[in-house]
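A closer look at the structure
Below are the chains, spelled out letter by letter.
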Amino acid sequence: MSAPPKNGNGAEPHVELKRVTKRYGAVTAISDLSLAVDKGSFTALLGPSGCGKSTLLRMIAGLEVITAGQCFIDSIDVTDVPPAQRRIAMVFQSYALYPHMTVRQNIAFSLSVAGAPRKTQEDRTREVARILQLEPYLDRRPAELSGGQRQRVAIGRALVRKPEVFLFDEPLSNLDAKLRVQMRLELAKLHADLVTTMIYVTHDQTEAMTLADKIVVLDKGTISQVGSPLELYNRPANKFVAAFIGSPSMNFFGVDVAPADDGVANVVLPGGRTARARLRGKSAIAAPVELGVRPEHLALVDPNDPASAFRGAIRIVERLGNATLLYVDTPAGQLIVQGEGNLEAKPGQGVGLTLSESDVHLFGASGASL
Amino acid sequence: MSATAQSVDSPAAVGARGLSRLRHLDLIGLVITVATLALAVVWAFPLYWGLVTTFKPEYEIVRPGVQLWPEHFTFENYIHVLLRTKIGLWYLNSLITSGAVTVIVVVMAAAAGYAISQLEFHGRRFFWWMILASFMVPIPSLTVNHFILMSQFHWINSLPGVIAPQLIAPVTVIIYKQFFDSVPRDFREAAVIDGASELQLLFRIYLPMNWGITTAVAIITFIGAWNLFLWPFVAVNTEDKMNITVGITQVHDAFGVSYGRDLATAMLAALPVAIVYLIFQRRVTQAIMLSAGIKG
């Protein structure tokens, strides 16, 4: 067993993956990835389908053999330790509730296979049922429960083991939109109450942003960026993260960049107007450069306003109630603009667009933030 | 009739045509029902004929002509079989051998099916192909081999000798393997994380989730073992080790075969199987409905 390294703030990480690789034959699902998860944190693994986020979680759980690298939990190398001995619990997307057992038997299953005394099983099951408000349903079978109740039983089954680390594999994907919001809140409350390390896999950025205090964005088996929700939103490390985080998605278009000074670049926008953009990264500027701006950082002005960055015409207006989304045809292509709910706009209307210069992002040819 | 023509018809005309179509369907239904009924009568007649014969005195049975109901109703055949043969012992032997075959086959097939479906081990594919290949071999063609093997074990004319060759049940392994394959992997992984061993997985998750299959397999195996004639007939040579099916051959007297008594023994032999099936048929239906209702 080798000693795990310490993380940035000096504390030892609770879960750590060290240069792990996972290959299925010739296909590499995870490539030389290192990740540290702090004790008591809520970490979301976020990414599109096939990015390797579930594989990563399953490697932590011990359900997938790690091809190369090491996995530590609580400073112990668990790379070759069976799942049951890793002191983790996992909630599956399908809930995986045993259909022939009652809620009580489902929750107590892990205690029962471990040979715990009946009294302990009953006490712990009751305690978990109380926390999750499942007491009235203890004698029902999973088929007799609603989606939300099944989800709670799945969490209860994890909770009863008093694990060191909770692993969630897209646990809310099978729920309808309303229930998902409700369960999201319950999970947040659960984490606040238990203060246990939770690792949560999702492709839904809203879930990741609202629940996690740290998000790991994965792309094709590698980590694209790790940071707090607002860090990812405000300072995306690359175009992939910038495009993945935020809804509606960030607008991108090609620009010419004049030599920069004092960390500020002069940008020539499509259509000929200029803007100034702050440089965040340390990468050298090399064409082609793309500018990214979020829909809420574009604003409608009069077409003849000298401050406007673009002139264009509104193509589509989407009313969301609390906001209005406009699809505007401009020399930079179609841009999405987010305005207030009662914004006066109609299709075909000529408009000018200003952009908030402090909120624009520049991305180099490799996609890295400049 | 074209769609255009239909669209200009009055609702009354459409209604009348619908009614005539219904009558047409009714006629087809009636013909099918009558045909099914006729086939059912043809199928059931030998059973009825056999049952009725057991209540006739022997002189009525051998009399030429078809007699659908006994002239002189008698229980003599049953009384003879129940009181003057070793039918009780034959029942017991059948029960022991069929019960043992059922239990061992179910446990063995479930375990083998589970191993081939769920476990990773060297030679797994080879074992699977062996089981598939053995499925192609007709068991009666092995009778001589089984006899030699059992005689080397000194198991001829013993209940273990009747049981052992019946334990070759590749179909049952195939059924279990295919069924375990269809169980979502999440169940297994959730149980593995909960610390369940392979045996606990098999007996607490996989088998209880598939009771319908186990019940069906057990019934089929039990009925097959109970009705088996050739092997128990070859393997046993004293009356006290005989199964009920073989015991039928012993029901004769100084005057030779008595049809009424033979058929009465056959009816008594079939009775437990019929009862078992009637009882478990409902459980099979329930189990299938339960497993279908769980999904969702």
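Residues numbered from 1 in each chain as written. Chains lettered and ligands numbered in written order. Predicted model: local features only at pLDDT ≥ 70, side-chain atom pairs only at ≥ 80, totals over all residues.

Turning our attention to the overall build of chain B. Check the secondary structure of chain B and you find 15 helices and two strands. Counting the 296 residues in chain B, one finds 26% classified as buried. Across chain B, the fraction of contacts at a sequence separation of at least 24, relative to all contacts at a separation of at least 6, is 75%. (Helix = DSSP H or I, 4+ residues; strand = E, 2+ residues; numbered from the N terminus. Buried ≥ 20, exposed ≤ 12 C-beta atoms within 10 Å, placed from the backbone. Contact = placed C-beta atoms within 7 Å.)

Moving on: the environment of Asp 194 of chain B. Structurally, Asp 194 of chain B is set in the loop between helix H10 (185-193) and helix H11 (198-209). Look at Asp 194 of chain B and you get buried, because 24 C-beta atoms sit within 10 Å.

Right, let's get into the environment of Gly 40 of chain A. Residues and elements named next belong to chain A. Here Gly 40 is to be found in the loop between strand E2 (27-37) and strand E3 (42-46). The partly exposed category is assigned to Gly 40, around which 13 C-beta atoms lie within 10 Å. Note: C-alpha distance between Gly 40 and Arg 184 (144 residues apart in sequence) is 18 Å. Once residues within four sequence positions are removed from consideration, Gly 40 is found in contact with Val 195, Thr 196 and Thr 197.

Strand-to-strand pairing in sheets goes through backbone hydrogen bonds, with the strands running parallel or antiparallel. All names here are of chain A. With antiparallel pairing, four strands are arranged side by side in an open sheet as E2-E1-E4-E5. The strands lining the two open edges of the sheet, one partner per strand, are E2 and strand E5 (76-77). Taken together, the two bridges between strand E4 (residues 68-73) and E5 define a ladder with antiparallel strand orientation. Residue pairing in the sheet places Ile 73 in a bridge with Ile 76 of E5. In the packing of helix H1 (residues 53-61) onto the sheet, the strands contacted are strand E1 (15-24), E2 and E4, and the crossing angle to E1 comes to about 115 degrees. (Pairing = 2+ DSSP bridges. Axes fitted to C-alpha atoms, helices over the stretch in contact; angles between N-to-C directions.)

Turning our attention to the confidence of the model for chain B. Residue and element names in this part refer to chain B. Mean pLDDT over chain B works out to 85, with 86% of the residues at or above the 70 mark. Long-range and interchain partners of residues 1-8, a stretch whose pLDDT sits below 50, account for one contact in this model, where long-range means more than four residues apart. Scoring the predicted complex yields pTM 0.79 and, for the interface, ipTM 0.83. (pLDDT = per-residue confidence, 0-100.)

For the rest of this paragraph, the subject is the sheet that holds strand E16 (residues 310-319) of chain A. Residues and elements named next belong to chain A. Here we have five strands laid out as an open sheet, ordered E15-E19-E16-E17-E18, and antiparallel in their pairing. Strand pairing shows two members of the sheet lacking a second neighbour, strand E15 (298-301) and strand E18 (333-340), which therefore form its edges. Neighbour to neighbour, the strand axes of the sheet diverge by 45 degrees on average, direction disregarded. Examined bridge by bridge, E15 and strand E19 (residues 350-355) share four bridges and lie antiparallel to one another. Looking at E19, one finds that Leu 298 is bridged to Leu 355.

Take the interface of chain A and chain B next. Between chain A and chain B, the contact holds 17 residues from the first and 17 residues from the second. Secondary structure elements with two or more residues in the side of chain A that touches chain B: strand E6 (88-91) and helix H2 (103-113) of chain A. Ranked by residues supplied to the side of chain A that touches chain B, first place goes to H2 of chain A with three residues. By residue class, the composition of the side of chain A that touches chain B is 14 nonpolar, three polar and no charged. (Nonpolar A, V, L, I, M, F, W, Y, C, P; charged D, E, K, R; others polar.)

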